Amino acid sequence: MRVLSGIQPTGNLHLGNYLGAIRNWVKMQDEMDADSACFFFLADLHSITVHEERATRMRNVREMAAALIACGIDADRSVLFNQARVPAHAELAWLLNGTARIGWLNRMTQFKDKAGKNREGASIGLFVYPVLQAADILLYQATHVPVGEDQKQHLELTRDIATKFNTDFGVELFTLPDPYIPKESARIMSLRDGTAKMSKSDPSDMSRINLTDDDDGIAQKVRKAKTDPEPLPETAAALEGRAEALNLVGIYATLTEQTPDAVCASFAGKGFGAFKPALAEVLVETLRPIRQRFIALKEDEAALDAILDKGAEKARAVAAPTLDGAYEALGLMR
Ligand code: TYM
């Protein structure tokens, strides 16, 4: 079993990232005994699909590393690194470009969402982004990839690329990875619109809870979160059609490790005037220690660089045989 996942170091970590992915990274790390069984990385090569100044990118990579450590990633047990320090990612992505089909990439909904109406103006990098993601995963023979729902299609593409490469070249080089998607928090929605995903690119900061928000900020965002005037029902099934209510109940359920049914049962008949303060309290209590650790860690750039250096060294060693195998299968002499 090998666990691997990545996050783009663009701006802040938000509650969707935390509940959809990072919390599971930490759980999986803590459940696995073996050293170097888990690989977590900052997808800085992916981040070039969004324009950023050099200094901002450098700061974002270090800050995201600090955020992951603050959330519980232990760089002594897990391999924590940034892609750019491991050139095998870019190399394998190029080799897989011979296998990935334009038709497959044309179906990627994230590309369509991110490119928007101006597809001709989107970068090539944005289009082939999922091929780099496939390389990230296949390089390490990952079996389990903990991600939110929005990455499911990229995982399916990764399996398609792996299968076609193995078949076309008659090798058993790549392991087919499985996504590991949480049940209740697979898709945390915006606090302002229950039909839109919570995301760092939403222009309204009120739509998301950031790891860096202070206690009052969190409480205020919950207080102002969009809801409806109905009381909470007895069961979660009765929340159908109430997207905002369903989202808040799901967040509460995940944080308190209960089912949405159990949450509904304990708040049944009560309105959001009663539910929101309870939700704000669990959010504040969960995020406060993470924020405090993050603030302390992010100042020490040298320590963060040392962690990423060490992680990259381990990652390079594990990635090398797969990359060699791909060159070999293709008959590319080095
Ligand atoms: P990214 O940086 O957009 O998000 C990081 C992780 O957070 C999850 N996530 C969410 N989960 C639930 N609700 C939300 N509102 C929400 N928003 C984000 C994402 O599903 C993701 O798991 N392409 C990836 C990064 C990547 C990667 C990889 C992931 C690059 N290579 C290889 C896994 C394996 C991305 O942009 O995630």
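Summarised in this report is the structure supplied together with it. (Residues numbered from 1 in each chain as written. Predicted model: local features only at pLDDT ≥ 70, side-chain atom pairs only at ≥ 80, totals over all residues. Heavy atoms only, no water.)

Regarding the overall build of the chain
So, point 1. When helices and strands are counted, the chain shows 13 helices and 5 strands.
So, point 2. A globule of 334 residues ought to have a C-alpha radius of gyration of about 20 Å, and the chain, at 21 Å, matches this closely.
So, point 3. By its C-alpha atoms, the chain is 70 × 45 × 40 Å across when sized along the principal axes.
So, point 4. Looking at the 334 residues of the chain, the share that counts as buried comes to 49%.
So, point 5. Here the contacts in the chain between residues at least 6 apart in sequence split such that 76% fall between residues at least 24 apart.
So, point 6. Per element, the accessible surface of the chain, about 15300 Å² overall, is 52% carbon and sulfur. (Helix = DSSP H or I, 4+ residues; strand = E, 2+ residues; numbered from the N terminus. Rg over C-alpha atoms; globule rule 2.2 N^0.38 Å. Buried < 20%, exposed > 50% of the residue type's maximum accessible area, 1.4 Å probe, protein only. Contact = heavy atoms within 4.5 Å. Areas by Shrake-Rupley, 256 points an atom, 1.4 Å probe, with all protein chains shown as cover.)

A look at the site of the ligand
So, point 1. Lining the immediate surroundings of the ligand are 28 residues, of which Gln8, Tyr129, Asp136, Asp150 and Ile188 lie closest.
So, point 2. Here an oxygen atom of the ligand sits 2.8 Å away from a polar atom, N or O, in the main chain of Gln8.
So, point 3. Residue Met198 places a main-chain N or O atom 2.9 Å away from a nitrogen atom belonging to the ligand.
So, point 4. Counting residues per element, the ones that place at least two in the shell around the ligand are β1 (3-7), α1 (15-31) and α7 (124-139).
So, point 5. Of the residues assigned to the shell around the ligand, the class counts are 11 nonpolar, 12 polar and 5 charged. (Near = heavy atom within 4 Å. Polar contact = N/O pair within 3.5 Å; in protein donor to acceptor, adjacent residues only side chain to side chain. Nonpolar A, V, L, I, M, F, W, Y, C, P; charged D, E, K, R; others polar.)

Focus on the nonpolar core
So, point 1. Core analysis: the biggest nonpolar cluster contains 61 residues, and Ile22, Ile251, Phe275, Leu279 and Leu283 have the highest contact counts within it.
So, point 2. The dominant element in this core, judged by the number of residues it contributes, is helix α12 (residues 272-298), at 10 residues.
So, point 3. In terms of domain composition, this core takes at least three residues from each of domain 1 (2-186 + 301-330) and domain 2 (205-296).
So, point 4. Among residues more than four places away in sequence, those in contact with Leu283 are Leu15, Ile209, Ile218, Val222, Ile251 and Leu255. (Core = buried A, V, L, I, M, F, W, Y, C linked by side-chain atoms within 4.5 Å. Domains from an automatic or database assignment.)

Considerations on the packing of helix α4 (residues 88-96) against helix α13 (residues 301-330)
So, point 1. Relative to each other, α4 and α13 sit at 25°, their axes nearing to 10 Å. On the basis of their axis angle, the class for α4 and α13 is roughly parallel. Crossing angle aside, the handedness with which α4 passes α13 is left-handed. Side by side, α4 and α13 meet where Ala88, Glu91, Leu92 and Leu95 of the first sit next to Ala319, Leu323, Ala326, Tyr327 and Leu330 of the second.
So, point 2. Taken together, the residues that form the contact of α4 with α13 break down as 8 nonpolar, no polar and 1 charged. (Axes fitted to C-alpha atoms, helices over the stretch in contact; angles between N-to-C directions. Parallel < 35°, antiparallel > 145°, perpendicular 65-115°, else oblique. Left-handed = near helix turned anticlockwise from the far one by under 90°.)

Some details on the side chain of Asn166
So, point 1. Relative to the helices and strands, Asn166 is located in helix α8 (residues 152-168).
So, point 2. Using a relative accessible area of 14% as the deciding quantity, one classes Asn166 as buried.
So, point 3. Among the polar contacts listed, one links the side chain of Asn166 to the backbone oxygen of Phe174, at a separation of 3.0 Å.
So, point 4. In this structure, Asn166 is in contact with Val171, Glu172, Leu173 and Phe174, ignoring residues within four places of it in sequence.

As for the environment of Leu126
So, point 1. Along the polypeptide, Leu126 turns up in helix α7.
So, point 2. Overall, Leu126 belongs to the buried group, its relative accessible area being 12%.
So, point 3. Taking the C-alpha atoms as reference points, Leu126 and Ala245, 119 residues apart in sequence, are found 34 Å from one another.
So, point 4. Ignoring any residue separated from it by four or fewer positions in sequence, one finds Leu126 in contact with Thr49, Phe111, Lys114 and Ala115.

Some details on the pattern of salt bridges
Where charged atoms from two side chains of opposite charge approach closely, those side chains can pair.
So, point 1. One pass over the full model with this rule turns up 23 salt bridges.
So, point 2. The shortest N-O distance in the salt bridge between Asp305 and Arg62 comes to 2.8 Å. Here the residue Asp305 occupies a position in helix α13, and Arg62 occupies one in helix α3 (residues 54-71), the gap between them amounting to 243 residues.
So, point 3. Lys226 serves as the salt-bridge partner of Glu244, at 3.4 Å between the closest nitrogen and oxygen. Remark: Lys226 occurs in the loop between α9 (215-224) and α10 (243-255) and Glu244 occurs in helix α10; sequence separation between them is 18 residues.
So, point 4. We classify Glu244 as buried; its relative accessible area is 14%.
So, point 5. Accessibility expressed as a relative area gives 42% for Lys226, which makes it partly exposed.
So, point 6. Among the ionic contacts, a cluster of salt bridges with common partners joins Asp205, Arg208, Asp213 and Lys221. (Salt bridge = Lys/Arg side-chain N within 4 Å of Asp/Glu carboxyl O.)

Comments concerning the packing of aromatic side chains
Any pair of aromatic rings gets described here by the distance separating the centres and the angle formed by the planes.
So, point 1. Applying the stated rule across the entire model yields 11 aromatic pairs.
So, point 2. With centroids separated by 4.8 Å and ring planes inclined at 5°, the aromatic side chains of Trp25 and Phe40 adopt a geometry described as stacked. Placement of Trp25 in helix α1 and of Phe40 in strand β2 (residues 38-42) is noted, with a sequence separation of 15 residues between them.
So, point 3. Note on Phe39 and Tyr140: the rings are 4.9 Å apart at their centroids and 35° apart in plane angle, and the pair reads as tilted. Of this pair, Phe39 sits in strand β2 while Tyr140 sits in the loop between α7 and β4 (144-146); the two residues are 101 residues apart in sequence, bridging distant segments of the chain. Here Phe39 and Tyr140 have matching classes, each one buried.
So, point 4. Put simply, the rings of Phe39, Phe41, Phe81 and Tyr140 pair up and form one aromatic cluster. (Phe/Tyr/Trp six-rings, centres within 6.5 Å; stacked < 30°, edge-to-face > 60°.)

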